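Coordinate inspection notes
Each chain, written out:
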Amino acid sequence: MAQPLTDSRRLEILESQGYRELISGHLFASAVRLAPGIDDKHVLLEQAGEELAHFEVIAAMYERVCGKNLYDAVAARADALPMPASWLEITVAAYLVDRAAAVQLSAYEKLGDEQLGKLIHKILDHEHKHLTAAQTTLRDQCQANPEQSQLAQQHVERWFPVARATLDASPAAAAIAAAFADSVRPTLNACGLKLPPDAAA
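Just so we're clear, the structure is a prediction, and the values are computed from it rather than from any experiment.

Enumeration over the complete set of coordinates arrives at two aromatic pairs. Aromatic pair Phe55 and Tyr71: ring centres 6.3 Å apart, planes at 90 degrees, arrangement edge-to-face. Of this pair, Phe55 sits in helix α2 (residues 38-66) while Tyr71 sits in helix α3 (residues 70-79); the two residues are 16 residues apart in sequence, bridging distant segments of the chain. The class of Phe55 is buried, set by a relative accessible area of 8%. Overall, the relative accessible area of 40% leaves Tyr71 in the partly exposed class. With a centroid separation of 4.9 Å and an interplanar angle of 10 degrees, the aromatic rings of Phe160 and Phe180 are classed as stacked. Within this pair, whereas Phe160 is found in helix α6 (residues 146-164), its partner Phe180 is found in helix α7 (residues 173-190), the two being separated by 20 residues in sequence. Here Phe180 falls in the buried class, since its relative accessible area comes to 0%.

Relative to each other, helix α4 (residues 87-109) and α6 sit at 35 degrees, their axes nearing to 9 Å. Every pair of crossing elements has a handedness; the one defined by α4 and α6 is right-handed. Of the residues in α6, those in contact with Leu88, Glu89, Val92, Ala93, Leu96, Val97 and Ala100 of α4 are Gln148, Leu151, Ala152, His155, Val156, Arg158, Trp159, Phe160 and Ala163. The residue makeup of the contact of α4 with α6, split by class, is twelve nonpolar, two polar and two charged.

This part takes up the state of the cysteines. Inspection of the entire model under this criterion finds zero disulfides. Its sulfur unpaired, Cys191 is 4.5 Å from the next cysteine sulfur, which belongs to Cys142.

All chains considered together, the criterion is met by eight salt bridges. Residue Arg10 is joined to Asp7 by a salt bridge in which the shortest nitrogen-to-oxygen separation is 3.2 Å. Here Asp7 and Arg10 lie together in helix α1 (residues 7-31), a separation of three residues that amounts to about one turn. When its relative accessible area of 48% is taken as the criterion, Asp7 is described as partly exposed.

A separate point is the nonpolar core. The biggest cluster of nonpolar side chains holds 64 residues, and the ones touching the most others in it are Leu96, Trp159, Phe160, Phe180 and Val184. Among the elements of the structure, α1, α2, α3, α4, α5 (114-144), α6 and α7 are those that each provide at least two residues to this core. The element that contributes the greatest number of residues to this core is α4, accounting for 14 residues. If sequence neighbours within four positions are ignored, Trp159 has contacts with Leu27, Leu81, Pro82, Met83, Pro84, Glu89, Ala93, Leu96 and Val97.

The rules behind these values
- Residues numbered from 1 in each chain as written.
- Predicted model: local features only at pLDDT ≥ 70, side-chain atom pairs only at ≥ 80, totals over all residues.
- Heavy atoms only, no water.
- Phe/Tyr/Trp six-rings, centres within 6.5 Å; stacked < 30°, edge-to-face > 60°.
- Helix = DSSP H or I, 4+ residues; strand = E, 2+ residues; numbered from the N terminus.
- Buried < 20%, exposed > 50% of the residue type's maximum accessible area, 1.4 Å probe, protein only.
- Axes fitted to C-alpha atoms, helices over the stretch in contact; angles between N-to-C directions.
- Left-handed = near helix turned anticlockwise from the far one by under 90°.
- Contact = heavy atoms within 4.5 Å.
- Nonpolar A, V, L, I, M, F, W, Y, C, P; charged D, E, K, R; others polar.
- Disulfide = S-S within 2.5 Å.
- Salt bridge = Lys/Arg side-chain N within 4 Å of Asp/Glu carboxyl O.
- Core = buried A, V, L, I, M, F, W, Y, C linked by side-chain atoms within 4.5 Å.

In structure tokens:
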């Protein structure tokens, strides 16, 4: 039977997840101007709204636990995240950052914390939809033009470490980072891409 989380550990989790939701919202919102069609723009706006809605739910729980504002705690770090400059780059970045978030959420789910359980399950449902869309877009772009694959590889080498850095610095960090690498490898291979040389670092 899982041990109940302490309030301090629960706060660490909420702050980390709140940060990931906020940067995902930023990524999707910034991608709107880069999207090639109106349908893509609508989808990205919807996804940005979902990420910010997740943030607000997490922030409410955070405030109940410690009485502090989660946005104040994570905004500066979120604002420091680089923003993609092309549709291909946002596709790579969003896929990797969302995949890292999903892997970390799955690790939280295994903690068996009742207070976090329902929230995690709801977020994972949305992350699955986002990942499916990102995988399809990435494959379409890479398979349509071999030159895109070469450029996409540069984006993978830039964004894989960024995405990995969003994972928690916990005792299980090495295992979670390895699970993240394993989770993106099949899609990258299907796109003619590979993990960076330091992917296991």
